[in-house]
Amino acid sequence: MSGSLLTHETTTTLRRTGATLLPPGRAARELCLRRGEFDLAVHIGRIRTVPDDSDAPGGGRRVTRDEIERIRAVEGFPETLRESVRTVGTTEGAALMAVTKARFTRLARLGLLVPVRFYVSRYRAVVWLYLADELRQFAGEEKNTALLKGRTPEGLRDQLREGLDLRARNWRGRYLGFLLRQAADPWTRAAAVAALLGPVEVSAAVRDPYERSRLNRFRPVPPAHATPGSPAAQLAEEIMTAADPDEIEWLRTNLAAEMEAARRYLPAPRPAFRPVPSPPDGAETRHEAEETGRLRGLLGRLWRRDP
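This one's a predicted model, so the numbers in the text were calculated from it and none came from an experiment. Starting afresh in each chain, residues are numbered from 1 along the sequence in its written order. Local features are withheld for residues below a pLDDT of 70 in this predicted model, meaning they are given only at 70 or higher, and side-chain atom pairs are given and counted only at 80 or more; totals for whole chains, interfaces and linings count all residues. Side-chain numbers come from the whole structure's heavy atoms, not from hydrogens or water.

K.L.:
I'd like to hear about the pattern of salt bridges, residue by residue, with values.
P.N.:
Side chains bearing opposite charge may pair, as long as their charged atoms lie close to each other. A carboxyl oxygen of Asp or Glu within 4 Å of a side-chain nitrogen of Lys or Arg is what we treat as a salt bridge. Within the structure shown, the criterion is met by 26 salt bridges. Arg136 is paired through a salt bridge with Asp133; the nearest N and O atoms lie 2.7 Å apart. Of this pair, Arg136 and Asp133 both sit in helix H8 (residues 132-140), separated by 3 residues, roughly a single helical turn. Three labels apply to residues, based on accessible area from a 1.4 Å probe with only protein chains included: buried if under 20% of the type maximum, exposed if over 50%, partly exposed otherwise in between. The class of Asp133 is partly exposed, set by a relative accessible area of 28%. Shared partners join several salt bridges into a network, and the residues in it are Glu83, Arg86, Glu92, Asp133 and Arg136. Per the convention used, a helix needs a DSSP run of H or I reaching at least four residues, while a strand needs a run of E reaching at least two, with both numbered from the N terminus.

Right, here's the structure in full:
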């Protein structure tokens, strides 16, 4: 079953059963979460949301009353829920894992620790944030002991010396997963993939201007990190755009597949073609008659000046 049909049936079922749909702000209050914590909980799948295509102000996503009650019934609520979305930076994360900040950064650059958020500081430095739960889990697995206590393997050290840093790429992968889970139909899925590609790459992958226009219509709003147009916003945009050739190729391949599904689902709208009727044989259009009159007048003036 396609995502669009599933979404439609889910929303229809909710209306038929009279399920209460709560807006994000109300749901966050009932779950004892700050709005940022709530958004992150949705992002990582702790809280399930449903699309709201009713005429209610704001539209967007909603949380059912049943989902609220399910979460509130979990033992340890709300502390366990808030702890599950707690984020830490490098210093706190290193302390949590009992390693140095340098080792923590190496593990993150190697892609072994995946950031869940980032922001740009006032000094234009990128600050990566990680889920405390995931760091504890990584530190608690026996297979990772050598990475935490021993010397970093030579092959990994070589990659670090060559400048390997997978933090931005891993964040993009995680963010794309979130966008795809929220997508309502093939067009929004395609737009989610396109959101991580630069304009040149999108144009090369999607040649049809009407299809690109429709993609832009469904393009997800990126997380706000700074004032639009500021250096910090430009840096955030760079992080959100694929840069490595193999990542770009992977995204373009996925975009092509999503576009095939989108075309089958609903072709991009195009302006109606209205052919201009041809005049009857032997009849001149008004424009042609005016041009003929101007030429005759010009020839007449030239003839009168001829000695």
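K.L.:
Please provide a residue-by-residue account of the sheet that holds strand E5 (residues 117-120), values included.
P.N.:
The rule for pairing is simple: two strands pair if DSSP sees at least two bridges between them. Read from one edge to the other, the open sheet built from 3 strands follows the order E4-E6-E5, with strand pairing classed as antiparallel. Pairing within the sheet leaves two strands with one partner each, and these edge strands are strand E4 (87-88) and E5. Bridge count for E5 against strand E6 (residues 126-131) is 4 bridges, and the pairing is antiparallel. Paired with Tyr119 across the strands is Val127, a residue of E6. Along the sheet face, helix H15 (residues 231-239) touches E5 and E6 and points at about 150 degrees away from the line of E5. Any two residues whose heavy atoms approach within 4.5 Å are treated as being in contact. Geometry is summarised by axes, namely lines fitted to C-alpha atoms with helices restricted to the contacting stretch, and by angles between N-to-C directions that run from 0 to 180 degrees.

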